[in-house]
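Observations on chain architecture
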Protein chains: 2
Amino acid sequence: MKILIIEDEQDLLELILRYLKKEGYVCEVATTFMEGYKKINNYEYDCAIIDLNLPGGDGLKLVNILREDSTQTGILIISARDTLDDRITGLDIGADDYLTKPFNLSELNARIKAVMRRKTNQFSKELNFGDLIINLDEHKVTACGNTLQLTKKEYNILLYLARNKARVVTKDSIAEHLWGDYMDGAVSYDFIYAHVKNLRKKLADNGCGNFLKTIYGIGYKFQIN
Amino acid sequence: MKILIIEDEQDLLELILRYLKKEGYVCEVATTFMEGYKKINNYEYDCAIIDLNLPGGDGLKLVNILREDSTQTGILIISARDTLDDRITGLDIGADDYLTKPFNLSELNARIKAVMRRKTNQFSKELNFGDLIINLDEHKVTACGNTLQLTKKEYNILLYLARNKARVVTKDSIAEHLWGDYMDGAVSYDFIYAHVKNLRKKLADNGCGNFLKTIYGIGYKFQIN
DNA sequence: CTTCAATAATGAGGATTTTCATGTTACTAA
DNA sequence: TTAGTAACATGAAAATCCTCATTATTGAAG
């Protein structure tokens with residue numbers, strides 16, 4: 001479940017970010033119109049949370065871009081109450097739902113889930129890929145019936161890739177997701193290589209050898225054969 | 001706060017200039033590409049406001065120059081709306097934010113402040129507590145002149161406590177901050193005890209034995225002396 | 001003041017994570 | 001097609017982290 005948050009107020013952004021990450025979403029962030037524009041064009045998201053009032057451009061444009069292109073992405077608008085009224089009046093904004101500031105985070109979460117439920121019915125507590133099943137409640141992975149003994153890093157890498165199935169995930173993105181603030185610049189990807197190797201071995205030893213594909217020069221992709 | 005404004009339309013320039021001066025900024029002005037180029041090379045500015053459409057050269061070049069010199073100057077682009085779209089498409093212009101004409105001046109001011117806030121947060125250099133100095137850029141901790149060899153967890157615990165100096169920090173808060181999603185309920189604080197112990201030893205071995213105080217039943221507190 | 005229970009500190013061992021050196025594979029350009 | 005180079009894989013060693021058993025300390029109750 002990958003969410004793009006486009007919001008320029010740092011405080012609010014971090015609040016949302018921390019909350020959604022804790023809720024188990026994979027999040028990416030943009031703080032300007034342009035940044036949001038780029039991310040929308042480069043990746044696929046399950047849901048986009050867009051503040052209408054953005055530096056550098058109108059959030060509505062981003063909504064339109066999302067709608068015109070691949071319409072799989074759920075769209076949740078957030079906006080200050082006063083500016084919202086102007087905009088939605090007589091406007092088909094093309095979003096799936098909207099929230100006015102201020103809102104509380106559990107409300108946001110409820111809306112996201114509602115939007116996603118409408119989109120696809122893919123919000124179970126496990127990810128099932130046939131031979132490979134990831135149980136999110138118990139942090140347990142089953143390959144061809146066998147429970148895998150994964151370390152935390154291995155589990156988290158697998159989960160991150162699986163949640164972005166069929167999408168290419170960059171190494172930077174993996175690093176940021178798993179290590180967060182630790183790494184400032186000056187990066188080696190050796191530890192990713194190492195963990196992916198160990199992960200692949202454990203998968204392969206249990207008949208799930210083909211799930212993790214290397215994308216040369218970019219990163220990895222979780223693919224269902 | 002010193003700002004360079006590079007803009008060739010006299011009316012707009014004077015409008016901006018008068019407004020920003022009233023807001024308390026120190027301003028300098030350039031009206032051509034060459035003039036802007038020289039000023040950028042001769043002085044250091046906290047922020048540069050650059051019109052893309054300049055006589056004598058492309059404003060983007062100036063942006064690139066500023067970026068490549070790895071100056072810490074914040075960059076704010078202004079541009080006519082129609083020319084902007086061409087340029088941002090697939091272009092990493094390297095600016096911190098941009099505005100399209102026409103804009104109102106309080107909007108400009110807000111953007112400047114936002115850019116500067118992002119910059120200064122990003123480059124805050126060190127936390128100095130006398131004998132103990134935490135260098136954020138290099139992730140380096142110095143105690144009585146000696147560089148400590150801290151592990152990542154140790155560094156992060158120390159940093160977290162130091163940022164909350166004189167405040168009591170709960171163990172749950174520490175755990176959440178350092179381990180995030182990993183731990184769902186069912187918690188033991190043994191690893192915090194362990195890391196704090198090792199951290200204290202390293203501090204004490206270098207004459208900084210009294211910074212971390214245990215708050216029985218709650219957590220820890222970073223205190224000076 | 002003493003005892004008790006809960007909390008914290010400690011040391012050591014095992015598990016995990018990271019690094020390093022080296023081998024292999026995939027892309028690029030000629 | 002073939003070097004040449006950058007990216008990735010691999011195994012093993014080193015560093016770090018976590019767990020566990022034990023000991024010490026704290027605050028509260030008697």
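To start, this report covers the structure provided alongside it. (Residues numbered from 1 in each chain as written. Chains lettered and ligands numbered in written order. Predicted model: local features only at pLDDT ≥ 70, side-chain atom pairs only at ≥ 80, totals over all residues. Heavy atoms only, no water.)

In this structure, Ile6, Ile40, Ile50 and Leu62 of chain A together with Ile6, Ile50 and Leu62 of chain B are the most contacted members of the largest nonpolar core, which totals 37 residues. Sorting elements by how many residues they give to this core places helix α3 (residues 59–68) of chain A first, with 5 residues. Leaving out residues up to four positions away in the same chain, Ile6 of chain A has contacts with Ala30, Thr32, Gly36, Ile40, Ile49, Ile50, Asp51, Leu54 and Leu62 of chain A. Within the second largest apolar cluster, 30 residues are counted, among which are Phe129, Leu132, Leu148 and Leu212 of chain A. (Core = buried A, V, L, I, M, F, W, Y, C linked by side-chain atoms within 4.5 Å. Buried < 20%, exposed > 50% of the residue type's maximum accessible area, 1.4 Å probe, protein only. Helix = DSSP H or I, 4+ residues; strand = E, 2+ residues; numbered from the N terminus. Contact = heavy atoms within 4.5 Å.)

Right, let's talk about the packing of aromatic side chains for a bit. Residue and element names in this part refer to chain A. Per the stated rule, a full pass over the model turns up 6 aromatic pairs over all chains. Taking the centre distance of 6.3 Å and the plane angle of 15° together, the rings of Phe33 and Tyr37 count as stacked. With Phe33 and Tyr37 both in helix α2 (residues 33–42) and 4 residues apart, the pair spans about one turn of that helix. On the basis of relative accessible area, Phe33 is assigned to the buried category, the value being 4%. (Phe/Tyr/Trp six-rings, centres within 6.5 Å; stacked < 30°, edge-to-face > 60°.)

Buried within helix α7 (residues 171–179) of chain A we find Lys171, Ser173, Ile174, Ala175, Leu178 and Trp179 of chain A. Considering only its buried residues, α7 of chain A is in contact with β2 (26–30), α6 (152–163), β12 (168–170), α8 (190–204) and β14 (219–222) of chain A.

Residue and element names in this part refer to chain A. Where strand β8 (residues 126–129) lies against strand β9 (residues 132–135), 4 bridges are found, and the strand directions are antiparallel. Bridge assignment links Leu127 to a residue of β9, and that residue is Ile134. Counted along the chain from β8 to the antiparallel partner β9, the turn is 2 residues long, and its residue Gly130 has a positive phi close to 80°. (Pairing = 2+ DSSP bridges.)

With that settled, consider the protein's contact with DNA strand D. Near DNA strand D lie 19 residues; those nearest to it are Lys171, Arg200 and Tyr220 of chain A together with Thr151 and Trp179 of chain B. Atoms of DNA strand D within 4 Å of the protein belong to the sugar or the phosphate in 77% of instances, the rest to bases. Within the side chain of Lys197 of chain A, a nitrogen or oxygen atom sits 3.2 Å from a base nitrogen of DNA strand D. In this structure, a phosphate oxygen belonging to DNA strand D sits 2.5 Å away from a side-chain N or O atom of Arg200 of chain A. Broken down by element, the surface near DNA strand D gets its largest block of residues, 4 residues, from helix α8 (residues 190–204) of chain B. The residue makeup of the surface near DNA strand D, split by class, is 9 nonpolar, 4 polar and 6 charged. (Near = heavy atom within 4 Å. Polar contact = N/O pair within 3.5 Å; in protein donor to acceptor, adjacent residues only side chain to side chain. Nonpolar A, V, L, I, M, F, W, Y, C, P; charged D, E, K, R; others polar.)

For DNA strand C, the set of nearby residues contains 20 residues, the closest of which are Thr151 and Trp179 of chain A together with Lys171, Arg200 and Tyr220 of chain B. At the protein interface, 75% of the atoms of DNA strand C within 4 Å belong to sugar or phosphate. Within the side chain of Thr151 of chain A, a nitrogen or oxygen atom sits 2.3 Å from a phosphate oxygen of DNA strand C. One nitrogen or oxygen atom from the side chain of Tyr216 of chain B is found 2.9 Å from a base nitrogen belonging to DNA strand C. Contributing elements (two or more residues each) for the surface near DNA strand C: α6 and α8 of chain A together with α8 and β13 (212–215) of chain B. Top contributing element to the surface near DNA strand C by residue count: α8 of chain A, with 4 residues. Of the residues in the surface near DNA strand C, the class split is 9 nonpolar, 4 polar and 7 charged.

What follows concerns the sheet that holds strand β8 (residues 126–129) of chain B. Residue and element names in this part refer to chain B. Taken together, the 4 strands give an open sheet; going across it, the order is β8-β9-β10-β11, and neighbouring strands pair in antiparallel fashion. Where the open sheet ends on each side, the last strands, each with one partner, are β8 and β11 (146–148). Taking each pair of neighbouring strands and ignoring which way they run, the sheet shows an average axis angle of 20°. Looking at chain direction, strand β10 (residues 140–143) and β11 are connected through 3 bridges and run antiparallel. When the bridges of β11 are listed, Thr142 appears paired with Thr147. The strands touched by helix α6 (residues 152–163) are β8, β9 (132–135) and β10; relative to β9, the strand with the most contacts, the crossing angle is about 110°. (Axes fitted to C-alpha atoms, helices over the stretch in contact; angles between N-to-C directions.)

The full count for this structure, using the stated rule, is 7 salt bridges over all chains. With its nearest N and O atoms 2.8 Å apart, the salt bridge here joins Asp205 of chain A to Lys201 of chain A. Side by side, Asp205 of chain A and Lys201 of chain A carry an identical accessibility label, which is exposed. Between Lys140 of chain B and Glu138 of chain B there is a salt bridge, with its nearest N and O atoms 3.6 Å apart. Classification of Lys140 of chain B by relative accessible area gives partly exposed; the value is 33%. (Salt bridge = Lys/Arg side-chain N within 4 Å of Asp/Glu carboxyl O.)

Before going further, it helps to spend a moment on the pairing of β9 of chain B. Two faces, one strand: in a regular strand the side chains alternate between the faces of the sheet. Residues and elements named next belong to chain B. Judged from the 4 bridges that link them, β9 and β10 form a sheet pairing that is antiparallel. Among the inter-strand pairings, Leu132 is bridged to a residue of β10, identified as Ala143. Between the end of β9 and the start of β10, which pair antiparallel, lie 4 residues, with His139 showing a positive phi angle near 55°.

Residue and element names in this part refer to chain A. A positive phi angle, close to 50°, is found at Cys144, a residue other than glycine. Structurally, the position occupied by Cys144 is in the loop between β10 (140–143) and β11 (146–148). Looking at Cys144, the relative accessible area reads 38%, which means it is partly exposed. The phi angle at Ala166 is positive, at roughly 70°, despite the residue not being glycine. Here Ala166 shows up in the loop between α6 and β12. Overall, Ala166 belongs to the exposed group, its relative accessible area being 56%.

These figures come from the coordinates and say nothing about function on their own.
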